[in-house]
Amino acid sequence: MSATDVNSGEQSPSKLRTFLGDWRQNIIYIGFVVIFVVFALTLNDKGFLNPNNLLNIVRQTAMIAVMAIAMTFVLSAGEIDLSVGAVAGLASVTVALAISAAGPLAGVLAGIATGLAVGVFNGWLTTRIGIPSFLTTLAMMGIAKGIAMWVSDTAAVPILHQGFAWLFGGGAVGRIPVLLFWTLVLGVIGHVALKRTGFGRRVLATGGGETAARFSGIDTRSIKFRVLVLSSLAAALAGMLYAGRLQSGRFQLGEGDELSVIAAAVLGGTSLFGGKGTVIGTIVGAMMIGLINNGLILMGLEFSQQLIARGGIIILAVALSQKR
Amino acid sequence: MSSVPEFAVRMTGISKSFGGVRALDGVDFEVHAGEVHALLGGNGAGKSTILKVLNGVHTPDSGSIVVGGKPLTTHAPEASRAAGIAMNYQEMSLIPTLTVAQNIFLTREAKTGSGLINDREAERRAGELFNMLEVRVDPRKLVGDLGAGQKQLTEIVKAISQDAKVLILDEPSTALAVSDVERLFVFLRKLTQRGVAVIYVSHRMDEIARIADRATILRDGKHIITAPISELPIDTMIEYIVGKRSLGLADVVRGDASRGEVLLELRGVSGRHKPSDVSLTLHAGEVVGLAGLLGSGRTALAKVIAGLEPAASGEIRVRGKRVDVRSPSDAIERGIALVPEARATQGIIPDHSVAANMTLSVIDDISVRGFVDQRRARDITDEQIRRLAIKTGSREHAVSTLSGGNQQKVVIGKWLASDPDILILDEPTAGIDIGSKSEIIRLVRQLAREGKGVLMISSELSELLTACDRIVVMADGRAHEDLPREAFDDPAAADGDLAHRLQAAEQRLQIKIQEALVGGKEESHVGH
């Protein structure tokens, strides 16, 4: 190997570098498999490989995955959305209230309206007033939670419509949970949209170099506006999925999810600085976080220990995926 | 008379102000179809402003624009592009995280039958365009991984690919190898034969003289003259650009070099890829130039000396003592300072004030118990502003508000603040106007007189010949020849005027560079 290095100085190092680059880029998939195998070997007697347990992981990660797919667009455009968790909680409450007042269709419309309203407000503040999305959405996090507490009087709002509960989270086709379909369908749409449509390319261009994108004729403000709306809509959908699964709307649903959502995207190879993102990586990232949570619980760790272990594993994975 | 418009572009009475500063003052600018029209002027003359008005980035305060016979009333990049205007920006329209092909066809992506983006097709078409230009750039590479020359070729191809009626090239050749510039010129000729109008902006007069049919010169936001290039010899051009004579390079007097002790000595220094086995010495009071084409290893050598790239083998000696330079701070400690090539990204923080930039490299020295001594910061800044004659409203102005030449002076001032013995300047005059260029060259000579050793990289041979006492010709990462400045003087032309002598020397240096290329293997500068 080293002999060819000397002789064909041009070719070998670049191949080697490509391989190393790929290795780092693919760390999420490698890591996923490694963790899965380790848990399978060590936790088999605790039922890790039991199909019910695996499906449970899918159910628990679906909402994170749905929000993280949209977050991939937000991060790729060089923005961030910290309000997703709170918006999911707010949407679960508005949906539940609308269903009890006017039926399931009104519930779905209320959910979409909630996402749209928050997203437009986030987008408007960020792109027109010029407040960085970090601050806009940080403030929105509190506002959304406050509204959710206020309109629900801090109480859980039950959802009694079985059809809604089945479609949004609770149901299953055979043994396959509906939540898996949501994740897969949105994942495929998200992947194609990011990699193969003009919109996705504009998102990546906006985050990769805003000035350059603008000079190339891209309306970067409109792109940023749209990804923030998209993110809130996804958060509202996640809220509906929470509500359907738990047959109630509560302001606490989705609380703290923004960290898992951002971690899932970053683990999957999406850059926090924009310009680089993959939806497939994000979904695997979300699954990996679910996997880790599940494994740590099965290991019998206390919640405090889980938090520490989870943080450590995420830092390790992100550190390994950094280009040097 | 006929339906073919005589003017590809007709801008009349264009005015534009930025916060009270009049960048353009009733400028007329007319470009014929099928000509290469040079747009000239010093920094702050209004060149980039008028181009940005033309391609829709800026909205003019007054005036009218007619493109291809049709008035252009909407001022947006999309509208200008629809009117057939394409422009390369100085490396500003490329997105580092996308591939070359993706960048070239950004917003004009090739689609499959089902409406999805087809990157394979884009790569094929990009490949064809590069082939047409006879240059080698891999369309699948990420732009962020390309060198400056390849980025520039990508920029140019991006502009060309738009099939425009008016093609604006803003400093297209700054990072290109001579052979690539030749191919670009041949290609531009083909375009103009098809009736395309090319607006060509460059600070390199030799290029203008060769490629342009007519030229328009702006100064201080005003239109000065439009004339066929045959009526504008280089001297006259410079005269119009600077507004007064005596700022040509030939007027910089090199003065005597009194060589002092050896400051820097390289013995067989190699980097990971480049440079390879370079030996050279730099004395106090001496300016040594590194000449060579893009990819010849000049910048790589500078980076190794300044600790930005590790040395793979060989030794570096400072004042006779072997040193281990592993990081820029090691280099600074040994009195070595590198003023990098890309000043906007590597040299300055554009949004920070002149003072903040200027004191950045000495922040520890002027701090007392962690607090920056504001008075010393002020004194240092004011001294550098005076010494380098930096034109700025005040030391508190953001560097981004200064002209290119003055920004470069801030970068130099920033490094002078740490009082280095050895100063490495990488393309110190890239993209700045000729008046500021000769000021920078004078500054380089002055620094040498003060006993510093200066290593200077420049692609403009006349600058190297004006500034340097010795010139090292590099190719393929190697130092091929180390020649005193006098070696380039043509004894036959000794009686000619300064400008003439400089021209003769430039030819000789040009030949040396070509010889070095042939002496080493012809090296492709594609990829690293």
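- Chain B is annotated in an unreviewed UniProt entry as Sugar ABC transporter ATP-binding protein from Histidinibacterium aquaticum.
- Here is the UniProt Subcellular location (unreviewed entry) comment for chain B, exactly as written: "Cell membrane".

- Under an unreviewed UniProt entry, the name given to chain A is ABC transporter permease, and the organism recorded is Histidinibacterium aquaticum.
- In its Subcellular location (unreviewed entry) section, UniProt records this for chain A: "Cell membrane".

1. A closer look at the sheet that holds strand β20 (residues 453-457) of chain B
Residue and element names in this part refer to chain B.
Stage number 1. Reading across the sheet, the six strands line up as β16-β19-β20-β13-β21-β22 and stay open at both edges, with mixed pairing between neighbours. Two strands bound the open sheet, and with one partner strand each, they are β16 (336-339) and β22 (478-484). Taken pair by pair, the neighbouring strands of this sheet meet at an average axis angle of 20°, ignoring direction.
Stage number 2. Relative to β22, strand β21 (residues 470-475) runs antiparallel, the two sharing six bridges. Residue pairing across strands places Met474 opposite Ala479, the latter belonging to β22.
Stage number 3. Together, β13 (287-291), β16, β19 (422-426), β20 and β21 form the strand contacts of helix α9 (residues 298-305), whose direction differs from that of β20 by roughly 145°.

2. Examining a nonpolar patch on the surface
All names here are of chain A.
Stage number 1. On the surface, a nonpolar cluster with roughly 780 Å² of combined accessible area is contributed by Leu97, Phe121, Trp124, Ile129, Ile143, Ile147, Trp150 and Val151.
Stage number 2. Of all elements in the fold, only α6 (104-129) and α7 (133-152) reach the threshold of two or more residues within the nonpolar patch.
Stage number 3. The topology assignment puts Ile143 in helix α7.

3. Quick look at the interface of chain A and chain B
Stage number 1. Each side of the interface is counted separately: chain A has 23 residues, and chain B has 26 residues.
Stage number 2. When residues of chain A are sorted by the area they lose upon contact with chain B, Arg196, Arg201 and Phe215 of chain A head the list and together hold 39% of the total.
Stage number 3. There are one salt bridge connecting chain A and chain B.
Stage number 4. Among the elements of the structure, α9 (178-196), α10 (198-208) and α11 (210-215) of chain A are those that each provide at least two residues to the side of chain A that touches chain B.
Stage number 5. Element by element, the count of residues in the side of chain A that touches chain B is highest for α10 of chain A, at six residues.

Reading guide: rules and limits
Residues numbered from 1 in each chain as written. Chains lettered and ligands numbered in written order. Predicted model: local features only at pLDDT ≥ 70, side-chain atom pairs only at ≥ 80, totals over all residues. Heavy atoms only, no water. UniProt positions renumbered as here; feature names shortened; annotations may be inferred. Pairing = 2+ DSSP bridges. Helix = DSSP H or I, 4+ residues; strand = E, 2+ residues; numbered from the N terminus. Axes fitted to C-alpha atoms, helices over the stretch in contact; angles between N-to-C directions. Contact = heavy atoms within 4.5 Å. Patch = residues over 30% accessible without salt bridge, like charges linked within 9 Å, V, L, I, M, F, W, Y side chains within 5 Å. Areas by Shrake-Rupley, 256 points an atom, 1.4 Å probe, with all protein chains shown as cover. Salt bridge = Lys/Arg side-chain N within 4 Å of Asp/Glu carboxyl O. Buried area = accessible area lost by both parts, 1.4 Å probe.

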